Amino acid sequence: MRYARFPRAIAKSPFIPLQTHASITVKEALLLREILKAYGEGDEGSVRRITEQISKLEYEADKVKQEARERIPSSIILPVDRGDLQEFLRTQDVIADKIQDVARLMCFRLYDLPKDVREQMLTIVDRTIDVVEEYKKAVTKIGGLLATSFRRKEVKEAIGLIPPIERTEHEIDILEGQLSKRLFQLEARIGPLGVYHVLRIVKCLAEVSDAASRAGDRLRTMVSK
Amino acid sequence: MIQWLLLIAALYMAWNIGANDLANSMGDVVGCHVLNMRQVIVLAGISNLAGAVLFGSRVTTTVGGGIVPLQGLSPHMIAMGATAAMLAAGCWITIATYLHMPVSTSHSIVGAMLGFGLGTVIHHQISIQSIHWVVLLKIMASWLLSPLGGMVLAWCIFMIIKRTVIARAKDIPRLERIFGKLMVGTSCYIAFAHGSNDVANAVGPLSMVIGSRVSPIVLAIGGVGIVFGLATWGYKVIDTIGRRITELTPTRGFSADLATATTVLSCSAFGLPVSTTHTIVGAIIGVGLAGGLPAVNLNIIKQIVCSWLITVPVAAALSLGLYLGLMMI
């Protein structure tokens, strides 16, 4: 209503959408377990359905990112470096994108994989979910502190939440290496194209945790200054 | 007849000041959920009235007799001039409020008084040099300095609170609750400071008509009008602003309020009519610069500067036109 002549001195906090984005990413990551199960069972319909769900979440995350960007025009004073925040938003979005890429790759063609390979893939997925959840914990904690109390000391303590992300990411790297080697033994069973395809899925899966660990690193840079 | 018109114009202005400017300065205390609306209105009303009556005479003197030299003007001219200035400022404020422009009543009334002065110059009653340009210049300098002062002071106060209290506190929510209680005090302080400064915008011209010294009765009329505006309309504005500034926690609100009230009260002591709203904005920016807010909008500086640049000429032109018109009757 038109009765106030008090200018809007305090802008909307860009640190709120950042936390929403992380929650959506976790929802996306949790669907990876279901889609892998459906893939292992050769259930093409479910793979497609879950991919659609993931795409919807990815789109939602995109909108949230857009909102965060709109909240940081150059006329706003922020408690952190603007460039760092923008860089974080970019890396944050890569996680959601990579999860969608995994699902899309699975949609292309289903291969019949031996049980041990399926199990190894499931381990990687479980660890990836761990990484994304650890990442969300760090974003929620640090984002929450930036949105409300700004206590440098508390923020610095919260940085302690980032190294576990990096440790789990490293574990996934090792698992990915082992699994890739095993995949080449499947040439007779699924053909060279099959090996290539599953390799790409595994590679893409590993990129999810890569992105999460990079986002965690950006978060640390942002609040360490 | 003209006296009644003048009184109504003064009351309208006072109502408007209460509905908007006093409400603006009460936004944070409601935004922080420290007091409910009724408590805010009672406390702000009493403090504002006290500020107006006890401390309002200096600024009222500046607005009433500080800009236009009254010696050599007939009582009729003064009455017409006062009426023209009141109506011009009131009209401009109404338009600006409708357009959502952060316009100050202080700036409007000063511009309007200048318009009246120029009207007497056109009628060859006084020379253009005899308008108190130095006073006008001082007032305009204070418009620049008051938001800056609010900013610097708020920055200092928040930095001190941050370094000493916030850094050591074990229980932040409890600390915020304590500052919430302290905000009851700063809210009264800000309402008092506001009354001491802004009552002049409503009754400055009126006191000019009544005579040499500013009477407490005139100040009380203005003060009551402001409180009436707060109670009948201001609560809507408080509500709107309270919802907008939820990021302002009590430690931040306390810093901004203390800085604003101190700056405005100092200006009152020097008889300078300043904008409380602009000073609050300066103080909020100060808290933001001290790292106390998630995002501070700097675009409003542009808006505020624009409102300065528009208000004085528009209010002066309106007042000049009205004065010349009234003198023809």
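Residues numbered from 1 in each chain as written. Chains lettered and ligands numbered in written order. Predicted model: local features only at pLDDT ≥ 70, side-chain atom pairs only at ≥ 80, totals over all residues. Heavy atoms only, no water.

Trainee: Kindly report on helix α9 (residues 250-269) of chain B, identifying the contributing residues and their values.
Mentor: All names here are of chain B. With 20 residues, α9 extends 28 Å from end C-alpha to end C-alpha; this agrees with the ideal 28 Å at 1.5 Å per step. Where burial is concerned, most of α9 is hidden: 16 out of the 20 residues are buried. At the exit of α9 stands G271, carrying a positive phi of roughly 70 degrees. (Helix = DSSP H or I, 4+ residues; strand = E, 2+ residues; numbered from the N terminus. Expected span 1.5 Å × (residues − 1). Buried < 20%, exposed > 50% of the residue type's maximum accessible area, 1.4 Å probe, protein only.)

Trainee: Got a sec to walk through the packing of helix α4 (residues 115-147) of chain A against helix α6 (residues 163-183) of chain A? Specific residues and values, please.
Mentor: All names here are of chain A. Running from N to C, α4 and α6 cross one another at 165 degrees; their axes reach a closest spacing of 9 Å. In terms of their interaxial angle, α4 and α6 are classed as roughly antiparallel. Handedness of the α4/α6 crossing: left-handed. (Axes fitted to C-alpha atoms, helices over the stretch in contact; angles between N-to-C directions. Parallel < 35°, antiparallel > 145°, perpendicular 65-115°, else oblique. Left-handed = near helix turned anticlockwise from the far one by under 90°.)

Trainee: Go over the pattern of salt bridges with me, naming the residues and quoting the values.
Mentor: Residue and element names in this part refer to chain B. Here the structure, examined in full by the defined rule, presents 15 salt bridges over all chains. Here R252 and E176 are joined by a salt bridge, their closest N and O atoms 3.4 Å apart. With R252 in helix α9 and E176 in helix α7 (residues 172-210), the pair connects residues that are 76 residues apart, well separated along the chain. Taking relative accessible area as the criterion, R252 reaches 2% and is therefore assigned buried. Judged by relative accessible area, E176 falls into the buried class, the value being 14%. (Salt bridge = Lys/Arg side-chain N within 4 Å of Asp/Glu carboxyl O.)

Trainee: Before we move on, could you go through empty space enclosed by the protein and cite the residues and values that matter?
Mentor: Residues and elements named next belong to chain B. Applying the stated criterion across every chain, the model contains one cavity of 30 Å³ or more. Here the largest cavity defines a volume of roughly 30 Å³. Taken together, M26, V29, L35, V40, L43, A44, S187 and C188 make up the lining of the largest cavity. Ranked by the residues each element gives to the lining of the largest cavity, the list is headed by helix α2 (residues 37-55), at three residues. (1 Å grid on protein atoms, 1.4 Å probe; cavity = no way out; pocket = protein on both sides within 12 Å on 5 of 7 lines; lining within 4 Å. Points joined across faces, edges and corners; volume = space filled by probe spheres on them.)

Trainee: Pulling in residues and values, what's your account of the interface of chain B and chain A?
Mentor: Listed as interface residues are 45 residues of chain B and, on the opposing side, 27 residues of chain A. Summed over both sides, the interface of chain B with chain A buries roughly 3,300 Å², with 60% coming from carbon and sulfur. Counting across the chain B and chain A interface gives five residue pairs in polar contact (both at pLDDT 80 or more). Going through the elements one at a time, α1 (2-31), α4 (75-98), α8 (216-244), α10 (276-289), β1 (296-297) and α11 (299-328) of chain B are the ones with two or more residues in the side of chain B that touches chain A. Residue composition of the side of chain B that touches chain A, by class: 27 nonpolar, 13 polar and five charged. Across two bridges, strand β1 (residues 76-77) of chain A lies against β1(B) in antiparallel orientation. Within β1(B), the position partnered with I76(A) by the bridge is N297(B). (Contact = heavy atoms within 4.5 Å. Buried area = accessible area lost by both parts, 1.4 Å probe. Polar contact = N/O pair within 3.5 Å; in protein donor to acceptor, adjacent residues only side chain to side chain. Nonpolar A, V, L, I, M, F, W, Y, C, P; charged D, E, K, R; others polar. Pairing = 2+ DSSP bridges.)

Trainee: Quick one: what's the story with the packing of helix α3 (residues 82-108) of chain A against α4(A), residue by residue and with numbers?
Mentor: Two numbers describe a pair of packed helices, the interaxial angle and the distance between the axes. Residue and element names in this part refer to chain A. Running from N to C, α3 and α4 point in directions that differ by 150 degrees, and their axes come no closer than 12 Å. Here α4 runs roughly antiparallel to α3, going by the angle between their axes. Crossing of α3 over α4 shows left-handed handedness. Of α4, the residues touching α3 (which contributes F88, Q92 and I95) are V132, Y135 and V139. When the residues that make up the contact of α3 with α4 are grouped by side-chain class, the tally is five nonpolar, one polar and no charged.

Trainee: Any chance you could break down the environment of R214(A) for me, citing the residues and the numbers?
Mentor: Turning to its location among the elements, R214(A) is positioned in helix α7 (residues 187-224). Sequence separation of R214(A) and A103(A) is 111 residues, and the distance between their C-alpha atoms is 21 Å.

Trainee: Mind laying out the environment of I162(A), listing which residues take part and the relevant values?
Mentor: All names here are of chain A. Looking at the secondary structure, you find I162 in the loop between α5 (152-158) and α6. By relative accessible area, which is 0% here, I162 ends up buried. Distance from I162 to G216, taken between C-alpha atoms, is 5.9 Å for residues 54 residues apart in sequence. In this view, I162 contacts A138, I142, G216, D217, L219 and R220; residues no more than four positions away in its chain are not counted.

Trainee: Help me get a handle on the packing of aromatic side chains, residues and values and all.
Mentor: Residue and element names in this part refer to chain B. The tally for this structure, following the rule as stated, stands at five aromatic pairs over all chains. Between Y12 and W15, the ring centres sit 6.3 Å apart and the planes meet at 20 degrees, which makes this aromatic pair stacked. Taken together, the positions of Y12 and W15, both in helix α1 and three residues apart, correspond to about one turn of that helix. Taking the relative accessible area as the measure of exposure, W15 reaches 23% and is therefore partly exposed. Relative to F192, the ring of F55 lies with its centre 6.2 Å away and its plane at 50 degrees, an arrangement referred to as tilted. Remark: F192 occurs in helix α7 and F55 occurs in helix α2; sequence separation between them is 137 residues. Three or more aromatic residues joined by ring pairs make a cluster, and in this case those are Y12, W15 and W233. (Phe/Tyr/Trp six-rings, centres within 6.5 Å; stacked < 30°, edge-to-face > 60°.)

Trainee: Describe in detail the side chain of T276(B), supporting the description with residues and values.
Mentor: By secondary structure assignment, the location of T276(B) is in helix α10. Apart from residues lying up to four places away in sequence, T276(B) is in contact with S25(B), H194(B), D198(B), T260(B) and V264(B).

Trainee: Any details on the confidence of the model for chain A? Residues and values, ideally.
Mentor: Taken over all residues, the pLDDT of chain A has a mean of 90, while the share at 70 or more is 96%. Averaged pLDDT values for the elements of chain A fall to 77 in α5(A) and rise to 95 in helix α2 (residues 44-70) of chain A. (pLDDT = per-residue confidence, 0-100.)

Trainee: Lay out the side chain of T91(A) in plain terms, naming residues and giving numbers.
Mentor: By secondary structure assignment, the location of T91(A) is in helix α3. Those residues within four positions of T91(A) in sequence are excluded, and the remaining contacts are A211(A), A215(A) and R218(A).

Trainee: Tell me about the environment of V287(B), residues and numbers included.
Mentor: All names here are of chain B. Tracing the chain through its elements places V287 in helix α10. It is 8.8 Å that separates the C-alpha atoms of V287 and G253, two residues lying 34 residues apart in sequence. Apart from the residues lying within four places of it in its own chain, the contact partners of V287 are A154, F158, R252, S255, A256, G292 and L293.

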